[in-house]
Structure formats: C-alpha cells, structure tokens
Amino acid sequence: MQIVAVAARDKGRAEDFASRFGIPKSYGSYEELAENPDVDIVYIGTIHTQHVQNSLLFINAGKHVLCEKPMALTLEGCQKVLAAAKSKGVFFAEAFWSRYFPAYKFIQEHLKSEAIGDVVMVEATFAVPIVHVQRLYDLELGGGGLMDIGCYTVQAANLIFKDKPEMIVAHGSKTETGADKTAVITLKYPGDKFASLAYSMEASGGANHFTIYGTKGTIVIPDSFWYPTRVVLKDNEVKYFHLPTVEDQDGSYYGNAQGFVYQAKGVREYLKAGVTESDVIPHKDSETIMFIMQEVLKQLGVKYNYS
C-alpha cells in the first residue's frame, strides 16, 4: 500500500504535507483527488461536519473509504453513507482505530473462552482536559465532547453488547455555546445487561479505564483504553501488547500513534480479500453507535445543523 496523493481545501497546505512525507501528488480540492485513477482508497480526516459529504464524494467516485470517527453527526447521515457504499459495492469503514489493537482482539477471544462467565456490565471513562481547544466549542464545526472523546466509550460498550439498548439515559453539562462538555450515560441492553459510560473534556487525572464485568471475573484495560498496551485479567494477571516500531521523522507523533499501523494493515487485508465491510467495526456497529449518540445528544440538548 502506497500513499499516492493528498488533498486539502488549501492547495498550499496540501503541497506542504506532500513535500514533508514524500507524497507524489497534491490537490487543492477533494474533487480532484476523487478523479485520480491511481487512488484506490481514501482516508478521510477532515473536520466532523464534512465526513458525510466527503465520504459520499469518494464513494460515488468508486473509491474505497476509511473515514475518521464520527463518520456522521446524525443517524440519517450515517445510514446515507452506509447505503451508498453498499450500492456502489465499495469498502467503507469508520476509523475507530482502537478496534484494531491486539488488546481488543485478545479481549474478544478471552470472552469467547467464557473465562469470566456471562458479561453483565461494562464501564468506560474518557476524561481529558481539552477545554482549551476552541474547535470543541463550535457546533458549526461539530464541537463537543461526545463526538471527540465520548464516542470511544460508546464503541467500547458496543464492542461487548451488539444489540441496540432498550434504554438510554444521559445527564451532562454544556459550554456557553451549547456544546456538551461532560456527561454520564447509562445503557440498558436486552437480558438485563448494562453499560455505565462517562466522558469529560474538562476533568483530568482519571484512569480512563474500560472494565468488563462477568459472573466469574473481570477484564480491565486500566488506562487509555482507546489505544491500549495492557490488559488485566482476574487474579491480577497482566497481558502486555507492545506497540510496533515506527520511525518518527519529526517528533509529531502523539500517544501510542504507532497503533495506527494496526488499522492500516487491517484495511489493506480487507482490500486484498475483496471484502467491502470490516469485521472489526462492521456497518451495523457504526449504525448502532450513532443511534446511541444521537439519543444522548438529544437528551443533552445538543443539535448540529449537519448530517
């Protein structure tokens, strides 16, 4: 797999990026990139509000798409993109990179062994002090804590419980601009299964854990569950998952960013196999996650003017 082109709304920025990373071609519009016959798959990392529009542009051009989370700001937008990908017969996946980490694969395999019995509850917390990021205050840019960090807690619940919740209850606080900043979410699933989720873009110092409670024990990612390198099992047994070695040319990598390699390799294997949907984050999961988040936003009183 080779990066053959990059595009941005500002051609100068695209050129700078291409020069920095040795990418052959750069464009000042996404339409030009969509017309490049050498492009097989596009990674969309634009602002949240552009994800649906950008995804549809490339899907309709016959390109495979990996779109950053959240893939949409509404359930309608999510369903529109998924339907288009199915109609065109192209690969589409929402880029929840966490799902591709070896620790997540291990957890799913460990659950199949029934080592912790029947799972009855999960907890996930993501709290980081990012209130200084101005974009998060702007609803016109898809701002707010849920779409930036809280979505990781929702996907964690969905990793374990695949059904849509029977009940969703959310309480939280908002910024003066109407964007959500802190919230707690309770999900009740069929069979008396529960998820307790919390996120905050103003709190700090938390463990940011993901805990799976079974009738015979627990599985815990004790910290930074969105890019995990260790899992704690019952009797405090710890499984470590070392990150791949990747050359950092200019010191621009942030925490555990090497883990993006797992996602890139995973998507490459899907394309080689000719499949159009990820089994790590299938379309149904993306739709269920968006269903939950839309209801949370409704209860918090947050509304976007985008799909």
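Residues numbered from 1 in each chain as written. Predicted model: local features only at pLDDT ≥ 70, side-chain atom pairs only at ≥ 80, totals over all residues. Heavy atoms only, no water.

**Focus on the overall build of the chain**
How we decide: Secondary structure elements follow DSSP: runs of H or I no shorter than four residues count as helices, runs of E no shorter than two count as strands, and numbering proceeds from the N terminus. What the globule rule says is 2.2 Å times the number of residues to the power 0.38, and the radius of gyration is computed from C-alpha atoms. Each residue gets one of three labels from its accessible area relative to the maximum for its type: buried under 20%, exposed over 50%, partly exposed in between, using a 1.4 Å probe on protein chains only. It only takes one pair of heavy atoms within 4.5 Å for two residues to be counted as in contact. Exposure was quantified through the Shrake-Rupley algorithm and a 1.4 Å probe, taking into account, for residues, occlusion by the shown protein chains and nothing else. For this count, His and the chain ends are skipped, Lys and Arg are scored as positive, and Asp and Glu as negative. The location of each charge is read from NZ of Lys, CZ of Arg, CG of Asp or CD of Glu.
Helix and strand counts for the chain stand at 8 helices and 13 strands. In terms of C-alpha radius of gyration, the chain reaches 19 Å, essentially the compact-globule figure of 19 Å for 307 residues. Across its three principal axes, the chain shows a C-alpha extent of roughly 55 × 40 × 40 Å. Looking at the chain as a whole, 49% of its 307 residues are labelled buried. Considering only residue pairs separated by 6 or more positions, the chain has 64% of its internal contacts joining residues 24 or more positions apart. A total accessible area of about 14500 Å² is found for the chain, and carbon and sulfur atoms account for 50% of it. Separation between the mean location of the 30 positive side-chain charges and that of the 36 negative ones in the chain comes to 3 Å.

**Structural notes on the UniProt feature "domain: GFO/IDH/MocA-like oxidoreductase" (unreviewed entry) in the chain**
We apply this condition: UniProt positions are given in the numbering used here, feature names are shortened, and annotations may be inferred rather than shown by experiment.
On the UniProt side, "domain: GFO/IDH/MocA-like oxidoreductase" (unreviewed entry) is annotated at positions that read residues 106–220 here. A helix fraction of 20% and a strand fraction of 37% characterise residues 106–220, whose end C-alpha atoms lie 12 Å from each other.

**Quick word on the side chain of H51**
Mapped onto the elements, H51 comes out in helix 3 (residues 51–60). Under the relative-accessibility criterion, H51 is labelled buried at 0%. Apart from residues no more than four positions distant in its own chain, H51 is found in contact with I44, T46, C67, E68, K69, P70 and M71.

**A closer look at the pairing of strand 3 (residues 41–44)**
Let me state the cut-off plainly: Note on pairing: DSSP must find at least two bridges between two strands before they are called paired. Look down the strands so they point away from you; if the path from the first strand over the helix to the second goes clockwise, the crossover is right-handed.
Here strand 3 shows a buried face lined by V42 and I44 and an unburied face lined by I41 and Y43. Here 4 bridges tie strand 3 to strand 4 (residues 64–68), and the two strands are oriented parallel to one another. Bridging from a neighbouring strand, I41 pairs with H64 of strand 4. One crossover worth recording links strand 3 to the parallel strand 4 by way of helix 3, and it is right-handed.

**Overview of the nonpolar core**
Our working rule: The term nonpolar core refers to a set of buried residues drawn from Ala, Val, Leu, Ile, Met, Phe, Trp, Tyr and Cys, joined through side-chain atoms within 4.5 Å.
If you look at the biggest cluster of nonpolar residues, it comprises 91 residues, and the most contacted ones within it are F210 and F225. The element that contributes the greatest number of residues to this core is helix 6 (residues 145–160), accounting for 10 residues. Contacts of F225, omitting those with residues within four sequence positions, involve Y104, A124, T125, F126, Y152, T153, Q155, A156, N208, H209 and F210.

**Observations concerning the sheet that holds strand 3**
Strands belonging to one sheet form pairs held by backbone hydrogen bonds; the direction of such a pair is parallel or antiparallel. Applicable threshold: Inter-axis angles, ranging from 0 to 180 degrees, are taken between N-to-C directions of lines fitted to C-alpha atoms, where helices are fitted over the stretch in contact.
Sheet architecture is open: 3 strands sit in the order 3-4-5, paired in parallel fashion. Strands with a single pairing partner mark the edges of an open sheet, and in this sheet they are strand 3 and strand 5 (92–95). The average angle at which neighbouring strand axes cross in this sheet is 15°, direction not considered.

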